[in-house]
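# Structure assessment
Spelled out, the chains give:
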Amino acid sequence: MDESMRFAGKVDGWYYALAVGVNVMLAWPLVSFLADPSKEGVLIGLCVSALALVLCDLLIIPTLLRNYVEFDGEGNLLIVFGFQKATYPVAKIRQARETHNPLASLAASFDRIELRIGYDELMIAVRDKDRFYAELARRCPDAKLERRAPKGGAATREQ
């Protein structure tokens, strides 16, 4: 089998802004309850606000820390995004194409690659797309690989 190869996931600025924005919005009530502790229901408000903040961070922070795609060396493509983990046989990859589709996916960037694996379709984002496409072409010679055109150039298609 081939050696394993890992590709770091790409995270755009909007995703960091979203993470910070959610934390600010959830911390604001917490701060307001602490500012006036004589209000009725402060303890309940503090508990609910703190719980919401912790739960959101438990979902967001892992997607920033565990975000990669890996050819595992055993013929599989492993996709890890936060707590989500999916494994697909490399031999079943039929198509890969660049997209900026904003639909929900295993990606923290709109600069995505749409993969068709068997009957499944999913989107990923990797930092080094050129290297990923080269490795995909090497491991999946029958897959249809589509790249976006560079600015001012024609789109490239590999078979």
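Reading the values: the criteria
Residues numbered from 1 in each chain as written. Predicted model: local features only at pLDDT ≥ 70, side-chain atom pairs only at ≥ 80, totals over all residues. Heavy atoms only, no water. Domains from an automatic or database assignment. Contact = heavy atoms within 4.5 Å. Buried area = accessible area lost by both parts, 1.4 Å probe. Salt bridge = Lys/Arg side-chain N within 4 Å of Asp/Glu carboxyl O. Phe/Tyr/Trp six-rings, centres within 6.5 Å; stacked < 30°, edge-to-face > 60°. Helix = DSSP H or I, 4+ residues; strand = E, 2+ residues; numbered from the N terminus. Buried < 20%, exposed > 50% of the residue type's maximum accessible area, 1.4 Å probe, protein only. Lys NZ or Arg CZ within 6 Å of the ring centre and 35° of its normal. Polar contact = N/O pair within 3.5 Å; in protein donor to acceptor, adjacent residues only side chain to side chain.

## As for the domain arrangement of the chain
It is common to give the size of an interface as the accessible area lost on bringing the parts into contact. The domains assigned to the chain are domain 1 (5–9 + 68–146) and domain 2 (13–64). Relative placement of domain 1 and domain 2: their C-alpha centres are 34 Å apart. Facing the six residues of domain 1 at the interface are five residues of domain 2. Between domain 1 and domain 2 lies a buried interface of about 530 Å² when both sides are counted; carbon and sulfur atoms form 78% of it. Counting every contact that joins domain 1 to domain 2 gives zero salt bridges.

## A word on the packing of aromatic side chains
Per the counting criterion, the structure on display carries five aromatic pairs. Both rings, one in Phe7 and one in Phe71, keep their centres 6.1 Å apart while their planes meet at 80 degrees; by these two values the pair is edge-to-face. In this pair, Phe7 is assigned in strand E1 (residues 5–8) and Phe71 in strand E2 (residues 67–71), connecting sequence segments 64 residues apart. With respect to burial, Phe7 and Phe71 carry one shared label: buried. Plain terms: the ring middles of Phe71 and Phe132 are 5.8 Å apart, the flat faces sit at 25 degrees to each other, and that makes the pair stacked. Linking Phe71 in strand E2 with Phe132 in helix H3 (residues 129–139), this pair joins segments that are 61 residues apart in sequence. With respect to class, Phe71 is no different from Phe132; both count as buried. By way of ring pairs, the aromatic residues Phe7, Phe71 and Phe132 are connected into one cluster. Arg147 extends its terminal NZ or CZ atom over the ring of Tyr133, reaching a point 4.3 Å from the ring centre.

## Re the pattern of salt bridges
Tallied over the full model, the rule gives 14 salt bridges. Between Arg147 and Glu98 there is a salt bridge whose closest N-O contact spans 2.7 Å. Here Glu98 lies in strand E5 (residues 93–99) and Arg147 lies in strand E8 (residues 144–147), a separation of 49 residues in the sequence. Across the pair, Glu98 and Arg147 agree in class, each one buried. Between Asp128 and Arg131 there is a salt bridge whose closest N-O contact spans 3.9 Å. Judged by its relative accessible area of 32%, Asp128 is partly exposed. A network of salt bridges, in which partner residues are shared, links Lys10, Glu98, Asp111, Lys129, Asp130 and Arg147.

## Remarks on the side chain of Asp111
Looking at where Asp111 falls in the secondary structure, it is placed in the loop between E5 and strand E6 (112–117). Residue Asp111 is classed as buried on the basis of its relative accessible area of 18%. At 2.6 Å, the side chain of Asp111 and the side chain of Lys129 are in polar contact. Those residues in contact with Asp111, other than ones at most four positions away along the chain, are Lys10, Asp12, Thr99, His100, Ala125 and Lys129.

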